[in-house]
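Chain by chain, the residues run as shown.
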Amino acid sequence: MTSNQSAGTTIDWSEGFRVVAGHMELGLTEASPETQGFWDGVERDQLMIKRCVRCGRHLHPRRMGCPDCWQGDLRWVEATGGGTVYSFSTVHRAPAAVWQASAPYCVGIVWLDEGVALFTRLVPDGGGEPSIGDRVVVSFRALESGQKLPVFLVREGRS
Amino acid sequence: MSGHSAAHGGATAIVGSATVVAREGDDRRRTALELHVEAARRAVADAGISRSQIGAVLTTRAPRSYDVRQFNMRVLNELKVAPSYTSEITAHGAGALSMLQIASMIVLSGTVDYVLCTSGNCDKLWIDTVKTNATIEADPQFEAPYGPSTPSLYAQVAQRYMHESGASVEQFARAAVESRRWAVHHPDAAMAHKGEITVDDVLSSRLIASPLHLLDCAPWYPGGNSSAMVVTRSERAESHRDDPVYLLGWGQSNTHEWLTDRLGLDGIAPAESGPNLTRTGAIAAARQAFAMAGLAPGDLDLAQTSAPFSFLVPLMLEQIGFCPEGEGGRFVGGGGVDFDGGFPFNTSGGYLSYGQSGQGLYLLQECIDQVRGRARGRPVPGARRALVHGHGGPLACHSILIVGSERG
Ligand SMILES: [Zn+2]
């Protein structure tokens, strides 16, 4: 996988974010009308998620409509940025050279305090591996591809 | 299942089957299309029917190494058939077994008599399977930019499984060890020539994505394979061969595309009790299959599961019902699927040691060979009934078939 972004640059989402794997160019890699607000938030160091105006449920930023009530419009709300480690894995063999230079690194799933699961990069305090249940707080940084992304800093000790 | 369903266990049968294997180093590098076509010709010949009797042709989705928009139409034209019905059946890696179930529904409708199903690929001969697979299993926008490998996505489930059930890496390693022992006896198994391994070998192999070591992970098949099957109603099958393999029961469950979508699922099976990663659709698929077959796990002589990582052996064993939920690790650790004396499980070596080729029916072919008493590897003496499980996506789509050499 490669990207057309270089480290430290501001991403122009109007051009999309190209993801190539072998001879294939993969779809749905770019901000769409449903996800633009998330990436605009990342630019401002804000973690934006969706919320149903009718039933009030918080939802993953990729959702287009409310899968629960099927009726409510969604609006963007800023998450507190706090949550817990739901699961994790330290990658030793990366899927491509762009990441292998950083290996080992930890990818995982965070349960936001709002009840939404996000896949992310976990940055353990002082290295090592996190534990399920550890508290996390959002941070923003450019990862290996040059893309600025929300990551989560791990604070040891369960909530 | 609705009460008046005609899809009762044993109503349909596989009347012809064939599997074609390609290996790295073959004289000629063969394409997935070529393998599908050769398997199809052989399966139709094995069924003893003419091509004009084929009422429907189903294929798995276009292999990544042969990425055309309507792969099924390419197969049709190579065979010079023009059936009434055709489609690619796609539910990730579960699609191949789903195809047999849909073929059964088609012939039970009475609309056509014979459905030809083709499956398989040989991606490893043509593309970088590690790189491309990682980008298919993760959401390209919200997950892939973090650099997950395919093992690291499945490892999210493994970590939860260990956390929730107390299963251990030693128990996972045991599954890899026993798979290798079956593979050593199978002429097509990728790891047959590597010999047996120990739990220590697994745990001292390098970490790929914690907690998974190299030997906890299935190798991509060094080549590829294609299997084709002809499905018809059982009475028709019996009219032209005395050893059809009956489809006794089947089930499916499809829950998500991405792991974080799975965690948005609650209130419906298999997440009735709240969001989770570990109660997979295999639970629901197995329940449906056993109900249709009127059988229980104890009635089976052997089983195959799509377990690309060692922890999935105990997880699938418990979810299909071979031991109580939460007990898979202890079941495997206690010798439950030992090559010597355990329940015959992944008898061709499983993905872990046969190798993973994806979108195929090679695990079903192993079941067919075993219940017909024609195993290519180590036979299970007296085997009559077998279960095969397929899954795809990151544990997203699950499909199960129970087959047998006897109709009831
Ligand atoms: Zn709603």
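None of these values were measured; they are calculated from a predicted model. (Residues numbered from 1 in each chain as written. Chains lettered and ligands numbered in written order. Predicted model: local features only at pLDDT ≥ 70, side-chain atom pairs only at ≥ 80, totals over all residues. Heavy atoms only, no water.)

Draft legend 1. Here's a closer look at the environment of Ser-139 of chain A. All names here are of chain A. Tracing the backbone shows Ser-139 in strand E9 (residues 134-142). For the pair Ser-139 and Asp-45, spaced 94 residues apart in sequence, the C-alpha to C-alpha distance is 7.6 Å. Residues contacting Ser-139, with those up to four places away along its chain left out, are Leu-149, Pro-150, Val-151 and Leu-153. (Helix = DSSP H or I, 4+ residues; strand = E, 2+ residues; numbered from the N terminus. Contact = heavy atoms within 4.5 Å.)

Draft legend 2. Structural view of the domain arrangement of chain A. Residue and element names in this part refer to chain A. Structurally, chain A comprises domain 1 (19-78) and domain 2 (82-158). Across the contact, 12 residues belong to domain 1 and 12 residues belong to domain 2. When domain 1 packs against domain 2, the two sides together hide about 1000 Å² of surface, and 74% of this comes from carbon and sulfur. On the surface where domain 1 and domain 2 come into contact, there are 1 salt bridge. Across the pair Asp-45 and Lys-148 runs a salt bridge whose closest N-O atoms are separated by 2.7 Å. At the surface where domain 1 touches domain 2, the tally comes to 3 residue pairs in polar contact (both at pLDDT 80 or more). If one sorts the elements of the side of domain 1 that touches domain 2 by residue count, helix H1 (residues 36-43) sits on top with 4 residues. Split by residue class, the side of domain 1 that touches domain 2 holds 7 nonpolar, 3 polar and 2 charged. (Domains from an automatic or database assignment. Buried area = accessible area lost by both parts, 1.4 Å probe. Salt bridge = Lys/Arg side-chain N within 4 Å of Asp/Glu carboxyl O. Polar contact = N/O pair within 3.5 Å; in protein donor to acceptor, adjacent residues only side chain to side chain. Nonpolar A, V, L, I, M, F, W, Y, C, P; charged D, E, K, R; others polar.)

Draft legend 3. Representation of the layout of surface pockets. Volume-wise, the second largest pocket comes out at about 340 Å³. Surrounding the second largest pocket, 19 residues form its lining, Arg-57, Leu-59 and Pro-67 of chain A together with Gly-264 and Leu-265 of chain B being those nearest its centre. For the lining of the second largest pocket, the secondary structure elements donating two or more residues are strand E4 (58-59) of chain A together with helix H9 (259-262) of chain B. In terms of residue class, the lining of the second largest pocket is made up of 9 nonpolar, 5 polar and 5 charged. Three or more residues apiece are contributed to the lining of the second largest pocket by two domains, here domain 1 (19-78) and domain 2 (82-158) of chain A. (1 Å grid on protein atoms, 1.4 Å probe; cavity = no way out; pocket = protein on both sides within 12 Å on 5 of 7 lines; lining within 4 Å. Points joined across faces, edges and corners; volume = space filled by probe spheres on them.)

Draft legend 4. Layout of the coordination of the zinc ion. Residues and elements named next belong to chain A. Surrounding the zinc ion are the protein donor atoms Cys-52 (SG), Cys-55 (SG), Cys-66 (SG) and Cys-69 (SG), at 2.3 to 2.4 Å. We note that the donor set of the zinc ion lies within a single chain, spaced as C-x2-C-x10-C-x2-C. On the accessibility criterion, Cys-66 (4% relative accessible area) is buried. (Donors = N, O, S within 2.8 Å, 3.2 Å for Na, K, Ca; no water. Buried < 20%, exposed > 50% of the residue type's maximum accessible area, 1.4 Å probe, protein only.)

Draft legend 5. Examining the sheet that holds strand E10 (residues 385-392) of chain B more closely. Residues and elements named next belong to chain B. Pairing in this open sheet of 9 strands is mixed, and the strands run E3-E2-E4-E7-E1-E8-E11-E10-E9 from one edge to the other. Strands with a single pairing partner mark the edges of an open sheet, and in this sheet they are strand E3 (85-89) and strand E9 (302-305). On average, each strand axis in the sheet is inclined to that of its neighbour by 20°, with strand direction left out of account. Of the pairings in the sheet, the one linking strand E8 (residues 245-254) to strand E11 (residues 397-404) comprises 8 bridges and is antiparallel in character. Each bridged residue has a counterpart across the sheet, and for Leu-247 the counterpart in E11 is Val-403. Set on the sheet, helix H2 (residues 71-79) makes contact with strand E2 (54-60), E3 and strand E4 (114-121); between it and E3 the angle comes to about 130°. (Pairing = 2+ DSSP bridges. Axes fitted to C-alpha atoms, helices over the stretch in contact; angles between N-to-C directions.)

Draft legend 6. Molecular detail of the sheet that holds E4 of chain A. Residue and element names in this part refer to chain A. Pairing is antiparallel in the open sheet, where 3 strands are placed in the order E4-E3-E5. Two strands bound the open sheet, and with one partner strand each, they are E4 and strand E5 (74-78). In this structure, strand E3 (residues 48-52) lies alongside E4, joined through 2 bridges in antiparallel fashion. Note on E4: the bridge partner recorded for Arg-51 is His-58.

Draft legend 7. Seen up close, the interface of chain B and chain A. Each partner contributes to the interface: chain B provides 42 residues, whereas chain A provides 49 residues. Carbon and sulfur atoms make up 60% of the surface buried where chain B meets chain A, a total of about 3900 Å² over both sides. A per-residue breakdown of the area chain B buries against chain A is headed by Gln-141, Phe-142 and Tyr-146 of chain B, which together make up 21% of the total. Counting across the chain B and chain A interface gives 5 salt bridges. Where Arg-62 of chain A meets Asp-139 of chain B, a salt bridge forms, and the shortest distance between an N and an O atom there is 2.8 Å. Sort the elements by how many residues they give to the side of chain B that touches chain A and helix H5 (residues 150-165) of chain B lands first, with 8 residues. When grouped by side-chain class, the residues that make up the side of chain B that touches chain A number 19 nonpolar, 13 polar and 10 charged.

Draft legend 8. Quick look at the nonpolar core. Membership of the largest hydrophobic core comes to 120 residues, with the highest contact counts inside it found for Leu-47, Leu-112, Leu-122 and Phe-152 of chain A together with Leu-116, Val-230 and Phe-311 of chain B. Summarising the domain contributions, this core has at least three residues from each of domain 1 (19-78) and domain 2 (82-158) of chain A. When residues no more than four places from it in sequence are discounted, the contact partners of Leu-116 of chain B are Ala-40, Val-44, Ile-54, Ala-56, Val-57, Leu-58, Leu-79, Ala-228, Met-229 and Val-230 of chain B. If you look at the next biggest cluster of nonpolar residues, it comprises 45 residues, including Met-99, Ala-183, Val-245 and Tyr-351 of chain B. (Core = buried A, V, L, I, M, F, W, Y, C linked by side-chain atoms within 4.5 Å.)

Draft legend 9. Structural detail: the side chain of Ser-179 of chain B. Residue and element names in this part refer to chain B. With respect to the helices and strands, Ser-179 occurs in helix H6 (residues 169-183). The exposure class assigned to Ser-179 is buried, which follows from its relative accessible area of 4%. When near neighbours in sequence (up to four residues on either side) are disregarded, Ser-179 contacts Gly-349, Leu-352 and Ser-353.

Draft legend 10. Local environment of the packing of aromatic side chains. Taken as a whole and judged by the stated rule, the model has 15 aromatic pairs over all chains. Geometrically, the ring pair formed by Phe-38 of chain A and Phe-142 of chain B is edge-to-face, given 5.1 Å between the ring centres and 75° between the ring planes. Here Phe-142 of chain B lies in the loop between helix H4 (129-137) and H5 and Phe-38 of chain A lies in helix H1, a pairing that spans two chains. One exposure class covers both Phe-38 of chain A and Phe-142 of chain B, and it is buried. (Phe/Tyr/Trp six-rings, centres within 6.5 Å; stacked < 30°, edge-to-face > 60°.)

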